[in-house]
Amino acid sequence: MRYLLLRLLGLILLIGNINNTAARLTSEEPVLYRGGVGRTGVYANSGLPTLQGMKWQKNLGVAPFAPIYADDVLYKGTYEGDLYALNAETGETIWKFPSVGNFVSAVAIADDTVYFGSGDKGLYAVNRTDGKLLWSFETDSAVWSATPLIVGDDLFVGSEKGVFYSINRQTHIQNWKVETGSPVYWEAVAEGENVYFPTKNTLYALNITTGEVVWKVKLSNSWMPLAASNGVIYAGTDGNQFKALNAATGEEMWSIKGDKPAGRDPAEWSAPIVTGDTIYVGHSSQNFYALDIKTGHQKWITPLADWGTAAPSLANGLIYFGVGAHGGNDDDNADRPFYALNAESGEIAWTFIGKGPVLDGMAVGDGAVYFNTVAGNLYALH
């Protein structure tokens, strides 16, 4: 989870090693991390059915969070606080927004504006064409670890000190805020009239218009990243359970237990992919699961070379993700595979060997995928 990522990045600094669809933009179709307001990880493009090889590679320094792909441009933030717009075909820099302190989240895009959070207590809006600053909003603390959510004219984002904000994109004025007292390290999702987000131990459902708490579910352990679809919230916990909750009430619909984690407790889960009848999710047991969406019953399991906790994506029948998202590893430049799995069977369609662990999600384009490692390598595969 993201608080463990903080520890990992601190270690990297100490030892000196220091989603995303190609749809045309309209105000009704923002480009968001993991594909939409429900963060289901599903993309309506061709993906990369057959791997030819590496199209290009670029090093932007430590840049742990996911690249976002839109209209042949790749948007990528860095640890140093820079945001790059790159030509997705060549990797060449189109523009660069200069440092805002440290860390830049994965971006959200709507109406030709790119939105992102940063480590300097700020939410930023820049022009998509030239990267010029349009406006910024000061938050109580850093908002780099959770990419903004866009629903209509409103932006939603949580801070490191546990304040969750709703901000109007047109006026740049706060609609409301809720103080939780615990860090918000995962992305918010929206479903119906509510917005949902986890702090470390508590999952909140807020009315999207008023910010009123509709319900909350507290655990003795921690929540993993969420996805929402058809009135259900899906998320794992570091108590080694993966849960389906009624989005209207917060009541548990089903829960399953993962295999024994590889290396240490607690258990960790990736963000889930949610499709019509199946949930796909990775785990720190070095396994990737396909689960029945109604019962949680296991359909198939695929063993992995390392932790499968980086957020996966699904496009055109293939599931894409990298591995190794955990701390305490001896060599953060060591080779690790990036996977493409057949969604129906779990069989490996292809793999690519990159340098370093993948800590977050990746971007899917037509005929290409893009991902980055903690070692600072940004890969474009075709």
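Rules used throughout
Residues numbered from 1 in each chain as written. Predicted model: local features only at pLDDT ≥ 70, side-chain atom pairs only at ≥ 80, totals over all residues. Heavy atoms only, no water. Core = buried A, V, L, I, M, F, W, Y, C linked by side-chain atoms within 4.5 Å. Buried < 20%, exposed > 50% of the residue type's maximum accessible area, 1.4 Å probe, protein only. Helix = DSSP H or I, 4+ residues; strand = E, 2+ residues; numbered from the N terminus. Pairing = 2+ DSSP bridges. Phe/Tyr/Trp six-rings, centres within 6.5 Å; stacked < 30°, edge-to-face > 60°. Contact = heavy atoms within 4.5 Å. pLDDT = per-residue confidence, 0-100. Axes fitted to C-alpha atoms, helices over the stretch in contact; angles between N-to-C directions. Salt bridge = Lys/Arg side-chain N within 4 Å of Asp/Glu carboxyl O. Polar contact = N/O pair within 3.5 Å; in protein donor to acceptor, adjacent residues only side chain to side chain.

J.: So what's going on with the nonpolar core? Residues and values would help.
T.: Among the nonpolar cores identified, the biggest contains 28 residues, and Phe164, Val195 and Leu206 are the most heavily contacted of them. Element by element, the count of residues in this core is highest for strand β13 (residues 163–168), at 4 residues. One finds Val31, Leu83, Ala85 and Ala271 within the second-largest nonpolar core, a separate group that totals 22 residues.

J.: Break down the sheet that holds strand β25 (residues 287–292) for me, citing the residues and quoting the values.
T.: Spatially, β23-β24-β25-β26 is the arrangement adopted by the 4 strands of the open sheet, whose pairing is antiparallel. Each edge of the open sheet is held by one strand with a lone partner, namely β23 (273–274) and β26 (298–303). Two elements, strand β24 (residues 278–283) and β25, share 6 bridges in a ladder whose sense is antiparallel. Bridge assignment links Tyr280 to a residue of β25, and that residue is Ala290.

J.: Would you mind going over the packing of aromatic side chains in detail, with residue names and values included?
T.: Scanning the entire structure with this criterion turns up 32 aromatic pairs. Consider the rings of Phe352 and Phe371, whose centres lie 6.3 Å apart with planes at 75°: the pair is edge-to-face. Taken together, the residues Phe352 in strand β30 (residues 348–355) and Phe371 in strand β32 (residues 368–372) connect sequence positions 19 residues apart. In terms of burial, Phe352 and Phe371 fall into one category: buried. Through a chain of ring-to-ring contacts, the aromatic side chains of Tyr320, Phe338, Trp350, Phe352, Phe371 and Tyr379 assemble into a single cluster.

J.: Outline the environment of Ala88, supporting the account with residue identities and numerical values.
T.: Topologically, Ala88 is positioned in the loop between β5 (83–87) and β6 (93–97). Overall, Ala88 belongs to the buried group, its relative accessible area being 2%. Distance from Ala88 to Val73, taken between C-alpha atoms, is 4.9 Å for residues 15 residues apart in sequence. Leaving out residues up to four positions away in the same chain, Ala88 has contacts with Lys55, Trp56, Tyr69, Asp72, Val73, Leu74 and Tyr370.

J.: With reference to specific residues and values, describe the confidence of the model for the chain.
T.: Averaged over every residue, the pLDDT of the chain is 89; the share at 70 or more is 90%. Scored below 50 in pLDDT, residues 6–27 shows 67 contacts in the model against residues more than four places distant or in partner chains.

J.: Explain the sheet that holds strand β19 (residues 223–229) to me, and be specific about the residues and the numbers.
T.: Here 4 strands make up an open sheet; going across it, the order is β19-β20-β21-β22 and the pairing antiparallel. Where the open sheet ends on each side, the last strands, each with one partner, are β19 and β22 (252–257). In this sheet, neighbouring strand axes are inclined to one another by 15° on average, regardless of whether the strands run parallel or antiparallel. As judged from the 5 bridges shared by strand β20 (residues 232–237) and strand β21 (residues 241–246), these two strands associate in the antiparallel manner.

J.: Before we move on, could you go through the environment of Leu219 and cite the residues and values that matter?
T.: Along the chain, the position of Leu219 falls in the loop between β18 (213–218) and β19. A relative accessible area of 16% means that Leu219 is categorised as buried. Considered as a pair, Leu219 and Ile353 are 134 residues apart in the sequence and their alpha carbons are 37 Å apart. For Leu219, the contacting residues outside a window of four places in its chain are Asn201, Thr237 and Lys243.

J.: Any chance you could break down the pattern of salt bridges for me, citing the residues and the numbers?
T.: Scanning the entire structure with this criterion turns up 11 salt bridges. Here Lys355 and Asp335 are joined by a salt bridge, their closest N and O atoms 2.8 Å apart. Taken together, the residues span a long stretch of sequence, with Lys355 in strand β30 and Asp335 in strand β29 (residues 335–342) at a distance of 20 residues. Classification of Lys355 by relative accessible area gives partly exposed; the value is 41%. A cluster of three or more residues bridged by salt bridges with shared partners is formed by Asp71, Asp112 and Arg128.

J.: Give me the lowdown on the pairing of strand β28 (residues 318–322), citing residues and values where you can.
T.: Across the 5 residues of β28, 5 count as buried, placing the element largely inside the fold. In β28, alternate side chains face the same way, and those of Leu318, Tyr320 and Gly322 on one face and Ile319 and Phe321 on the other are all buried. Bridge count for strand β27 (residues 313–315) against β28 is 3 bridges, and the pairing is antiparallel. Bridged to Ser313 within β28 is Tyr320. Between the antiparallel neighbours β27 and β28 lie 2 residues, among them Asn316 with a positive phi of about 55°. Two elements, β28 and β29, share 5 bridges in a ladder whose sense is antiparallel.

J.: Would you mind going over the side chain of Thr139 in detail, with residue names and values included?
T.: Here Thr139 shows up in the loop between β10 (133–138) and β11 (149–151). The class of Thr139 is buried, set by a relative accessible area of 3%. Side-chain polar atoms of Thr139 contact the backbone nitrogen of Gly122, separated by 3.5 Å. In terms of polar contacts, Thr139 uses its side chain to reach the backbone carbonyl oxygen of Ser141, at 2.8 Å. Contacts of Thr139, omitting those with residues within four sequence positions, involve Lys121, Gly122 and Tyr165.

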